[in-house]
Amino acid sequence: MTPTVAPRATAAPVAKAEVRRGWTQHGLLFVAPFLVIYLAFLVWPTLLGFRLSLSSVNIAGTNDHFVGFDNYADAFRDPRMWRSLWNTLVFTVLSTVPLVLLGLAFALLVHHLRFMRWLWRLSFFGPFLLPSAVVAILWLQMIYPPGYGLLNGTLGTDVLWLGDPSLAMWSMVLTTVWWTVGFNFLLYLAALQSIPQHLYEAAAIDGASSWGRLRSIPLPLLRRTTVLIVVLQLVASLKVFDQIYLMTGGGPEDATRPIIEYAYDVGFTGYRIGYASAVSYILFVLIVIVSLVQLRLFRKRAEGSS
C-alpha cells in the first residue's frame, strides 16, 4: 500500500506575507504625514543650512559664492566664538548637576508625601509652564534688581547680580534651575510611581532602614531614567539661548553670551549667514559627540553593574 503524502502547507506563509504587506502599507500611510513634515522642516533645513555654511551668502541672499570650509576655519580662529563656546560649556556643567539632583530630590519628596500632593506637584512643575519672556521679566523686575529686589532684600545685600561679570553666569544658572527643574521632577516622579510597592514592603520586613530602602530600590531602578534625563539636560543646556538673550543680552562683557546667541548676532546683526551657519554646525557636532559619549559611558556602567 502506497503511503499518502500530505500536501505542503503553503497557504499559511502566503497569507502571513500578505497580512504583513498589508500592515506595512497601512503603517506607511499613517506615518506619511509625519514623514512629510519631518523631511520638510528638519531634514531639508539641515541640509540647506550645511550648504549655506559652505558659502559666503548674506542675510539678503546675495553674494552666494561657494567658499568651502573657509567659514569653519574663520570660526576656529575667532576668539569670540571660543569665548561663547566656553560660556556654553560652563553653563552646561553648572546647570546640569543641580537640575538632575534637585529633580530627583523633589520627586522623592513628593512621592513619599501623604498630604496635598497636588500642591507640591504644581509648585515644582508650575514654573516650567511659563514662557521664557515671563520668566525673564519676573526675575529682572522682582528678583534681581539692586536695592529693592527680592534676593537682595532677603540677603540684606545690594549686589548687581546681572551686572557683575563674575556673578552673571551664576545668576542665569539659578534662574534656569528654578524655571526648568520641573521637567526632570516630572520624569523622575513618573518613574518612581512605576516601582511596585511590594518591593518596599519586602525591604521593610527584612529590616532595611529608610536609607537602605532608598539605596537598594529606587536609585538602581531609576538608572535608565537618569540616563535619559542627563542626556536631555545636556542637550538642552548646550542649546541655551532664550533666558540669557532676554535677561543679559550676553553681557556683561560677553560673560554670559552662549554660542547660539553668538551665531544669532553674526547672522542677523552682522549679516553673515554663511558664517553663522558654520558656527551652528560646530555646536551641532559638539552636541552629537557629547550625547554619544554620555550614552556610551552609562551603557558601560550598566553592563559593569550587571
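Worth saying up front: this structure is predicted, and the values here are computed from it rather than measured.

Draft legend 1. Examining the side chain of Thr 175 more closely. Assignment of secondary structure puts Thr 175 in helix H7 (residues 168–193). Taking relative accessible area as the criterion, Thr 175 reaches 0% and is therefore assigned buried. Sequence-distant contacts of Thr 175, that is, excluding residues within four places in its chain, are made with Val 135, Trp 139, Tyr 144 and Met 247.

Draft legend 2. Structural view of the confidence of the model for the protein chain. Mean pLDDT over the protein chain works out to 87, with 91% of the residues at or above the 70 mark. Taken element by element, the predicted model of the protein chain shows its lowest mean pLDDT in helix H9 (residues 210–216) (75) and its highest in H7 (95).

Draft legend 3. Inspection of the pattern of salt bridges at higher detail. Applying the stated criterion across every chain, the model contains 6 salt bridges. Put simply, Asp 64 and Arg 51 hold a salt bridge, and the shortest N to O gap is 3.4 Å. Note that Asp 64 is positioned in the loop between helix H1 (11–53) and helix H2 (70–76) and Arg 51 in helix H1, a separation of 13 residues in sequence. For Asp 64, a relative accessible area of 37% translates into the label partly exposed. A relative accessible area of 42% places Arg 51 in the partly exposed class.

Draft legend 4. Highlighting the nonpolar core. Ranked by size, the top nonpolar core spans 21 residues in total, and within it Ala 107, Phe 185, Tyr 188, Leu 192 and Leu 222 carry the most contacts. Elements that contribute at least two residues to this core include exactly helix H3 (79–112), H7, helix H8 (197–205) and helix H11 (223–238). Dropping the residues within four chain positions of it, Tyr 188 is found in contact with Val 100, Gly 103, Leu 104, Ala 107, Leu 222, Thr 225, Thr 226 and Ile 229.

Criteria and thresholds
- Each chain has its residues counted from 1, following the order in which its sequence is written.
- Side-chain atom pairs in this predicted model are given and counted only at pLDDT of 80 or more, local residue features only at pLDDT of at least 70, and totals for whole chains, interfaces and linings cover all residues.
- Heavy atoms from the whole structure form the basis of all side-chain values; hydrogens and water molecules are not counted.
- A helix here means a DSSP run of H or I that spans at least four residues, while a strand means a run of E at least two residues long, and both kinds are numbered starting from the N terminus.
- Exposure categories follow from relative accessible area, calculated using a 1.4 Å probe and restricted to protein chains: below 20% of the type maximum is buried, above 50% is exposed, and the middle band is partly exposed.
- Every residue pair with non-hydrogen atoms within 4.5 Å of one another is taken to be in contact.
- pLDDT gives the predictor's per-residue confidence on a scale running from 0 to 100.
- Note on definitions: salt bridges are taken to be side-chain nitrogens of Lys or Arg within 4 Å of carboxyl oxygens of Asp or Glu.
- Nonpolar core, defined: a set of buried Ala, Val, Leu, Ile, Met, Phe, Trp, Tyr and Cys residues in which side-chain atoms within 4.5 Å join the residues together.

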